[in-house]
Amino acid sequence: MHRHRRARKTGWRLVGVVDERGGKLGRGAWRGHGWEGQSRGLFEIAALHGLPWRQAIGQGRRIEGIRGRDSAVISLAQKGVFTVDRTIVVIVGSLSAQSLNRRLAQALARMAPPGYRFEWMELSDLPLFNRDAEHQPCAAVARIKAQVAQADGLLFVTPEHNRSIPAALKNAIDHGSRPSGQSVWFDKPGAIIGASPAPAGTAVAQQHLRAILSAQGVVLMAGPDRCVQCDEASFTPEGELAEALRPRLHKWLHAFVQWVHKQGQA
């Protein structure tokens with residue numbers, strides 16, 4: 001844990017975090033979680049480690065030239081300055097082991113920044129939702145509910161089946177939403193992505209899924225939802241994304257983990 005020393009004229013110093021003296025963090029009003037801009041990033045790091053602080057105005061030390069609270073936190077985690085411990089539950093709509101969407105999800109997990117642990121929700125053993133059994137769920141239903149309850153974020157990766165989402169995915173959402181008033185989906189940060197050989201092959205399914213999840217209170221990352229055009233050639237033999245896809249999906253994934261971090265600090 002980084003420790004904070006007393007406030008000086010130059011600002012607040014977090015050992016091992018600051019880069020050099022003289023970069024002006026700027027002035028601003030205290031707003032609950034910290035300061036705006038770069039200095040907000042500095043105070044957010046303090047908050048993550050439970051460090052005490054008081055108001056500090058004026059010059060300070062800059063954080064590696066990183067701007068913005070969430071970018072600062074994620075970038076510093078990548079550099080090993082401190083650790084982030086967040087769990088992302090991945091929900092792939094397809095049951096197929098060779099699904100393009102499953103392969104996309106696995107490739108995204110490999111690209112995740114340090115401290116973001118991806119866990120997989122198994123849908124194949126879930127019984128069809130039956131309201132008669134909602135108060136005594138079987139082990140498979142109890143398992144997925146516990147996964148969602150403990151998750152910091154949800155990643156939905158869906159194909160499109162007959163202009164909508166797969167039945168297995170809808171079944172899992174139904175199980176998690178019951179009994180009434182006990183939905184595990186409420187207030188969970190989430191994002192939607194889908195893969196298809198067609199340019200916009202999952203667009204309709206993603207629209208349907210967004211409507212369903214919004215009704216359940218999932219706090220979805222704002223669009224545009226990502227429709228990934230890919231095929232077998234889009235993945236390396238090791239399961240990595242082909243070079244042509246990596247830049248834009250890396251950018252999308254970075255936006256998603258920023259969204260999860262932001263919602264976790266709200």
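Residues numbered from 1 in each chain as written. Predicted model: local features only at pLDDT ≥ 70, side-chain atom pairs only at ≥ 80, totals over all residues. Heavy atoms only, no water.

K.L.:
Which residues make up helix H3 (residues 100-110), and what are the values?
P.N.:
Most of H3 sits out of view: eight of its eleven residues are buried. All buried positions along H3 are accounted for by Leu 100, Asn 101, Arg 102, Arg 103, Leu 104, Ala 105, Ala 107 and Leu 108. Two or three places before Asn 101, at the start of H3, stands the capping residue Ser 99, its side-chain oxygen 3.0 Å from that residue's backbone nitrogen. (Buried < 20%, exposed > 50% of the residue type's maximum accessible area, 1.4 Å probe, protein only. Helix = DSSP H or I, 4+ residues; strand = E, 2+ residues; numbered from the N terminus. Polar contact = N/O pair within 3.5 Å; in protein donor to acceptor, adjacent residues only side chain to side chain.)

K.L.:
Go over helix H5 (residues 167-177), please, and point to the residues and values.
P.N.:
Within H5, eight of the eleven residues are buried, which leaves it mostly tucked inside the rest of the structure. Regarding H5, the residues found buried are Ala 168, Leu 169, Asn 171, Ala 172, Ile 173, His 175, Gly 176 and Ser 177. Each element contacted by the buried residues of H5 is listed here: strand E3 (86-92), helix H4 (139-150), strand E5 (153-157) and helix H6 (203-215). (Contact = heavy atoms within 4.5 Å.)

K.L.:
Mind laying out the pattern of salt bridges, listing which residues take part and the relevant values?
P.N.:
Taken as a whole and assessed by the stated rule, the structure comprises eight salt bridges. A salt bridge links Glu 240 to Arg 246, with the shortest nitrogen-to-oxygen separation between them at 3.6 Å. One salt-bridge network, held together by shared partners, links Asp 85, Arg 117 and Glu 119. (Salt bridge = Lys/Arg side-chain N within 4 Å of Asp/Glu carboxyl O.)

K.L.:
Account for the side chain of Ser 196, with residues named and values stated.
P.N.:
Note that Ser 196 resides in strand E6 (residues 189-196). Setting aside anything within four residues of it in sequence, one finds Ser 196 in contact with Gly 201, Thr 202, Val 228, Gln 229 and Cys 230.

K.L.:
Describe the side chain of Lys 145, naming the residues involved and giving the relevant values.
P.N.:
Mapping Lys 145 onto the fold places it in helix H4. Despite its burial, Lys 145 pairs with no opposite charge, the nearest such side chain being Glu 134 at 7.4 Å. (Lys, Arg positive; Asp, Glu negative; His and termini not counted.)

K.L.:
Before we move on, can you summarise the packing of aromatic side chains with the specific residues and values?
P.N.:
This structure, assessed with the given rule, holds two aromatic pairs. Taking 6.0 Å as the distance between ring centres and 20 degrees as the angle between the ring planes, the aromatic pair formed by Trp 252 and Phe 256 counts as stacked. With Trp 252 and Phe 256 both in helix H7 (residues 246-265), this residue pair falls four residues apart, about one helical turn. The same class applies to Trp 252 as to Phe 256, namely buried. (Phe/Tyr/Trp six-rings, centres within 6.5 Å; stacked < 30°, edge-to-face > 60°.)

K.L.:
Give a description of the environment of Ala 168 that names residues and reports values.
P.N.:
Its place among the elements puts Ala 168 in helix H5. Each C-alpha atom, one on Ala 168 and one on Asp 125, is 9.8 Å from the other, the two residues being 43 residues apart in sequence. In contact with Ala 168, not counting residues within four places along its chain, are Gly 93, Leu 95 and Leu 123.

K.L.:
If you had to explain unusual backbone geometry to someone new, which residues and values would you point to?
P.N.:
The peptide bond linking Arg 178 to Pro 179 adopts the cis configuration, its omega dihedral lying at -5 degrees. A positive phi angle, near 50 degrees, is found at Asn 162, a position not held by glycine. Tracing the backbone through its elements, the reader meets Asn 162 in the loop between E5 and H5. Its identity as a non-glycine residue notwithstanding, Asp 187 has a phi of 70 degrees, on the positive side. Note on placement: Asp 187 falls in the loop between H5 and E6.

K.L.:
Mind laying out the nonpolar core, listing which residues take part and the relevant values?
P.N.:
Counting 30 residues, the largest nonpolar core has Leu 104, Leu 155, Ile 193 and Phe 256 as its most contacted members. When residues of this core are assigned to their parent elements, the largest contribution, seven residues, is made by H7. If near-sequence neighbours (up to four positions away) are discounted, Ile 193 is found in contact with Leu 104, Leu 108, Leu 155, Phe 156, Val 157, Thr 158, Gln 206, Arg 226, Val 228, Leu 249 and Trp 252. With 25 residues, the next largest nonpolar core counts Met 121, Ala 168, Ala 172 and Trp 185 among its residues. (Core = buried A, V, L, I, M, F, W, Y, C linked by side-chain atoms within 4.5 Å.)

K.L.:
Residues and numbers for the pairing of E6, please.
P.N.:
Within E6, eight of the eight residues are buried, which leaves it mostly tucked inside the rest of the structure. Burial of E6 is two-sided: the residues Pro 189, Ala 191, Ile 193 and Ala 195 facing one way and the residues Gly 190, Ile 192, Gly 194 and Ser 196 facing the other way are all buried. Pairing geometry for E6 and strand E7 (residues 219-220), over two bridges, is parallel. Considered in E7, the bridge of Gly 190 is made with Leu 220. Across four bridges, E6 lies against strand E8 (residues 226-229) in parallel orientation. Each residue of the ladder has a partner; that of Ala 195, found in E8, is Val 228. (Pairing = 2+ DSSP bridges.)

K.L.:
So what's going on with the packing of H5 against H6? Residues and values would help.
P.N.:
One way to put it is that H5 packs onto H6 with a least axis distance of 11 Å and a crossing angle of 5 degrees. Compared by their axis directions, H5 and H6 come out roughly parallel. Contacts between H5 and H6 involve Leu 169, Lys 170 and Ile 173 from the first element and Leu 209, Ile 212 and Leu 213 from the second. Of the residues assigned to the contact of H5 with H6, the class counts are five nonpolar, no polar and one charged. (Axes fitted to C-alpha atoms, helices over the stretch in contact; angles between N-to-C directions. Parallel < 35°, antiparallel > 145°, perpendicular 65-115°, else oblique. Nonpolar A, V, L, I, M, F, W, Y, C, P; charged D, E, K, R; others polar.)

That's the geometry; what it means functionally is another story.
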